[in-house]
Amino acid sequence: MTPPTTSTDWQQRYAAALMNSFGPPKLVLTRGSGARVWDADGKEYLDLLGGIAVNSLGHAHPAVLEAVATQLGTLGHISNFFASQPQVELAERLLGLLGTPGRVFLSNSGAEANEAALKLTRLTGRTEIVSTTGAFHGRTMGAVSLTAKEAYRAPFEPLPGGVTFVPYGDAEALATAVTDKTAAVVMEPVQGEAGVVVPPRDYLAAARRITQQHGALLWLDEIQTGVGRTGTWFAHQNPALFDEPFVEADIVTLAKGLAGGIPIGATIATGATALLFEPGNHGTTFGGNPVAAAAALAVLHTIEADDLLDQVRKTGQALSNALAAEPGVSEVRGEGLLIGADLAEEIAPAVAAAALEAGFIVNSTGPHTLRFAPPLILSEDDVAAFAAALPGILAAAKEAS
């Protein structure tokens, strides 16, 4: 009898077959249910990262399973020579949630959503973009040109030009950088990859005012922060983060949690910006796929029907409180279930490793910062289990360091 394949076996096969783009995987996962996953050796983990804010309804949620199976059994793929009912309904639903008239371009990922947005900005007749330090907008050539991190940029230069970076959260620096030649300002309402960095409450309003003064577009990258992640449908509309009245962006990009694990991206344009694309300007073979669109509709319906926005606010507060109560944590940032925790010592990678050993998946974004972006279905019991284990995790990390 052939023995079952272990995590070690799978790791070796992975290394032999896949490009070394990510380094050795931390685990080989075989199944998931709710907010938990299991590895190839049968060990259980509480998933506090959610596939990096993607698995909004957790793993194997019945609403997503039913939507995908039903749609795949009806109509799986048709290309964009044709339209499908889920595609149209999803675009309408997203515009309704945003609350502003516009149009939607559907794609397959966050990077592609940002590529479409970048092309839209070029159709204004201007080519200069203002982005922010600490930004992460994707890995395609266009998206990485908007991303400030040198390690992501340097190997692929020269990148598409015309991008100026200003300190995130600094409205004065933004006002200095934006001119009548600026096509758009692009920013995340909360920076996720940088360690969940929250700007001043009036920052987005200042960005809207500055862009309007110069006839530039305001482009908000909600790829990580949207779809209920902070306790509202869009982070830029969250009164816990920003002052009212809410800004109206010219472009909003979404992906990650939108279809609960099925690849999807969405570029929402409002006002005159929504009319910039004409036939032939941009395209995609898989974007707007009826299966992905059906999954997204199921996610949006479930968030609303199960009142998950309220649950995200409550559970997120419980997780923030648990982290803030730990002496080894110096600062807690974020809103809802997008949380960054700074540690008193630069041991975040060791903490992530110790957490994994203890059965919890968390993410370190730097030497002293942890990021949490769990499924929106995370319960307060789940938070309590992590809180009980946290002192031991930190102690193990200190010892290992």
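Residues numbered from 1 in each chain as written. Predicted model: local features only at pLDDT ≥ 70, side-chain atom pairs only at ≥ 80, totals over all residues. Heavy atoms only, no water.

Trainee: How should the environment of Val163 be read in this particular structure?
Mentor: Topologically, Val163 is positioned in strand 6 (residues 163–166). Through-space distance from the C-alpha of Val163 to that of Gln11 is 40 Å; in sequence the pair is 152 residues apart. Apart from residues no more than four positions distant in its own chain, Val163 is found in contact with Ile129, Ser131, Ser145 and Leu146. (Helix = DSSP H or I, 4+ residues; strand = E, 2+ residues; numbered from the N terminus. Contact = heavy atoms within 4.5 Å.)

Trainee: Help me understand the nonpolar core in this model?
Mentor: Across soluble globular proteins, you tend to see nonpolar side chains buried next to one another. By size, the foremost hydrophobic cluster in this structure holds 83 residues, and its most contacted members are Leu90, Leu174, Ile303, Phe372 and Phe386. Residue contacts for Phe372: discarding those within four places in its chain leaves Leu48, Leu319, Leu323, Leu337, Leu338, Ile339, Ala341, Val362 and Phe386. Leu120, Leu146, Trp219 and Ala269 belong to the second largest nonpolar core, which has 13 residues in total. (Core = buried A, V, L, I, M, F, W, Y, C linked by side-chain atoms within 4.5 Å. Buried < 20%, exposed > 50% of the residue type's maximum accessible area, 1.4 Å probe, protein only.)

Trainee: How should the pattern of salt bridges be read in this particular structure?
Mentor: Close approach of charged atoms lets side chains of opposite charge pair. On inspection of all chains with the given rule, the structure shows 11 salt bridges. The salt bridge partner of Arg93 is Glu304, with a shortest N-O separation of 3.1 Å. Linking Arg93 in helix 4 (residues 85–98) with Glu304 in helix 10 (residues 290–305), this pair joins segments that are 211 residues apart in sequence. Measuring nitrogen to oxygen at the nearest pair gives 3.8 Å for the salt bridge that ties Asp310 to Arg313. Separated by 3 residues within a single helix, Asp310 and Arg313 lie in helix 11 (residues 308–324), roughly one turn from each other. A relative accessible area of 23% places Asp310 in the partly exposed class. Given the relative accessible area of 39%, Arg313 is considered partly exposed. Taken together, the shared-partner salt bridges in this structure form one network comprising Arg36, Glu44 and Asp382. (Salt bridge = Lys/Arg side-chain N within 4 Å of Asp/Glu carboxyl O.)

Trainee: Would you mind showing me how to read empty space enclosed by the protein here?
Mentor: Space left empty within the atom packing is revealed by a probe, the size of a water molecule, rolled over the atoms. This structure, assessed with the given rule, holds 4 cavities of 30 Å³ or more. Volume-wise, the largest cavity comes out at about 50 Å³. Residue lining of the largest cavity: 13 residues in total, with Ile78, Ser79, Asn80, Gly287 and Gly288 positioned closest to the centre. Taken together, the residues of the lining of the largest cavity break down into 4 nonpolar, 9 polar and no charged. (1 Å grid on protein atoms, 1.4 Å probe; cavity = no way out; pocket = protein on both sides within 12 Å on 5 of 7 lines; lining within 4 Å. Points joined across faces, edges and corners; volume = space filled by probe spheres on them. Nonpolar A, V, L, I, M, F, W, Y, C, P; charged D, E, K, R; others polar.)

Trainee: Sorry if this is basic, but what is going on with helix 5 (residues 110–122) here?
Mentor: Note that an α-helix has 3.6 residues per turn; residues three or four places apart therefore point the same way. Look at helix 5: 19 Å from first C-alpha to last across 13 residues, which is about the 18 Å you get at 1.5 Å a residue. When we look at burial in helix 5, the residues that qualify are Gly110, Ala111, Ala113, Asn114, Ala116, Ala117, Leu118, Leu120 and Thr121. One side-chain oxygen at the N-terminal end of helix 5 lies 3.2 Å from the backbone nitrogen of Glu112; it belongs to Ser109. (Expected span 1.5 Å × (residues − 1). Polar contact = N/O pair within 3.5 Å; in protein donor to acceptor, adjacent residues only side chain to side chain.)

Trainee: Looking at this model, I keep getting lost on the layout of surface pockets. Mind explaining?
Mentor: Within this model, the largest pocket holds a volume of roughly 1,900 Å³. Around the largest pocket sit 50 residues that line it, and Phe22, Leu49, Ile52, Asn363 and Arg371 are the ones nearest its centre. Elements with a contribution of two residues or more to the lining of the largest pocket: helix 2 (50–53), helix 5, helix 12 (348–358) and strand 14 (363–366). For the lining of the largest pocket, the leading source of residues is helix 12, giving 4 residues. A per-class count over the lining of the largest pocket returns 24 nonpolar, 17 polar and 9 charged. If you trace the second largest pocket, you find 28 residues lining it, with Arg103, Val104, Phe105, Leu106 and Phe277 closest to the centre. Listed by contribution, the elements that provide at least two residues to the lining of the second largest pocket are helix 4, strand 4 (102–107) and strand 10 (265–270). At 5 residues, helix 4 tops the list of elements feeding residues into the lining of the second largest pocket.

Trainee: Would you mind showing me how to read the pairing of strand 15 (residues 369–372) here?
Mentor: Taken residue by residue, a regular strand's side chains alternate between the two faces of the sheet. Here strand 15 shows two buried faces, one formed by Thr369 and Arg371 and the other by Leu370 and Phe372. As judged from the 4 bridges shared by strand 12 (residues 338–343) and strand 15, these two strands associate in the antiparallel manner. The partner of Asp342 across the bridge, within strand 15, is Thr369. The pairing of strand 14 with strand 15 spans 3 bridges and is antiparallel. Across the sheet, the residue bridging to Ser364 is Leu370, located in strand 15. Between strand 14 and the antiparallel strand that follows it, strand 15, lie 2 residues. (Pairing = 2+ DSSP bridges.)

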